[in-house]
Amino acid sequence: MQDLREITKTIRRDIIEMIYSAGSGHPGGSLSLAEIFSVLYFGHMKHDPNDPVMPDRDRLILSKGHAAPVLYSALARSGYFDPEYLKTLRKTESFLEGHPAVKTPGVEVGTGSLGQGLSVGCGVALSFKKRKTPQKVYVILGDGELQEGQNWEAFMFAGHNRLNNLITVIDLNDLQIDGKVTEVNSIEPVADKIRAFKWNFELIDGHDIAQIKAAFEKAAASDRPFAVIAKTVKGKGVSFMEDRAEWHGKPLSKGDYEKAMAELI
């Protein structure tokens, strides 16, 4: 557990370093997912950095593609590429684009157009079911993107087809670029909607590593598709970013960078 907490800190430092070096990016929704990615890449998901196309690997789709820095950090720190390369985020010659692209080692699906990742995940999960192979598919959704109707078609499809190899994480931080999700265009009651589409689910604190691990273990044994509804804080770990909509997508000044890194020691 301690190791995962240290990895989480490292991921958060990487996020700040990347976005400061790039002069652009999305810190808030990347920081809110640090614990989730720590558990997935360093203790739960089946993957092999030495064989990125291993046939029986699990698949991860970051539907909220603007949170690419958290994915890139997890990939680098687990061995897909040199962590020093993280400083090239959004540079012209870099394979670390502002949103995930398949040219990046370890990235399965290019994303960024919100609302589409779960549909892709349904297709991948269905193909595994038809081939009777054991892989799991993990789709990371933002709560703001659940305002997109295509997600609900995908929830319906997955429930109808009992895709119990499909697991989604809903990053429920109640903030999007224009303010609170509950005020801009509320998606509540999320749990009731998930249940209505014949999914199993677990409501958790998305920053509690023990709860995250337990939820993924429960998901692995589910007889239906499974949603981990993770209550999180946008900008988690950096006091002046926490629960602030303006840090959805905002570059860091030198002062911001220094203050954030000092808090993440």
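Residues numbered from 1 in each chain as written. Predicted model: local features only at pLDDT ≥ 70, side-chain atom pairs only at ≥ 80, totals over all residues. Heavy atoms only, no water.

J.: A description of helix H3 (residues 34–44) should follow, citing residues and the corresponding values.
T.: A large share of H3 lies buried, amounting to eight of its eleven residues. The set of residues buried in H3 consists of Ala34, Glu35, Ile36, Phe37, Ser38, Val39, Leu40 and Tyr41. (Buried < 20%, exposed > 50% of the residue type's maximum accessible area, 1.4 Å probe, protein only. Helix = DSSP H or I, 4+ residues; strand = E, 2+ residues; numbered from the N terminus.)

J.: Requested: an account of the environment of lysine 231, with residues and values cited.
T.: Counting through the fold element by element, lysine 231 comes out in strand E5 (residues 226–231). With a relative accessible area of 47%, lysine 231 lands in the partly exposed category. Linking lysine 231 and leucine 172, residues 59 residues apart in sequence, is a C-alpha distance of 4.8 Å. Setting aside anything within four residues of it in sequence, one finds lysine 231 in contact with Leu172, Ile204, Asp205, Gly206 and His207. (Contact = heavy atoms within 4.5 Å.)

J.: Please provide a residue-by-residue account of unusual backbone geometry, values included.
T.: In the segment running from glutamate 188 into proline 189, the intervening peptide bond is cis, with an omega of 0°. Inspection of the secondary structure assignment puts proline 189 in the loop between helix H7 (181–184) and helix H8 (190–196). Backbone geometry at lysine 198 places phi at a positive 70°, although glycine is not the residue there. Lysine 198 sits in the partly exposed class, given a relative accessible area of 49%.

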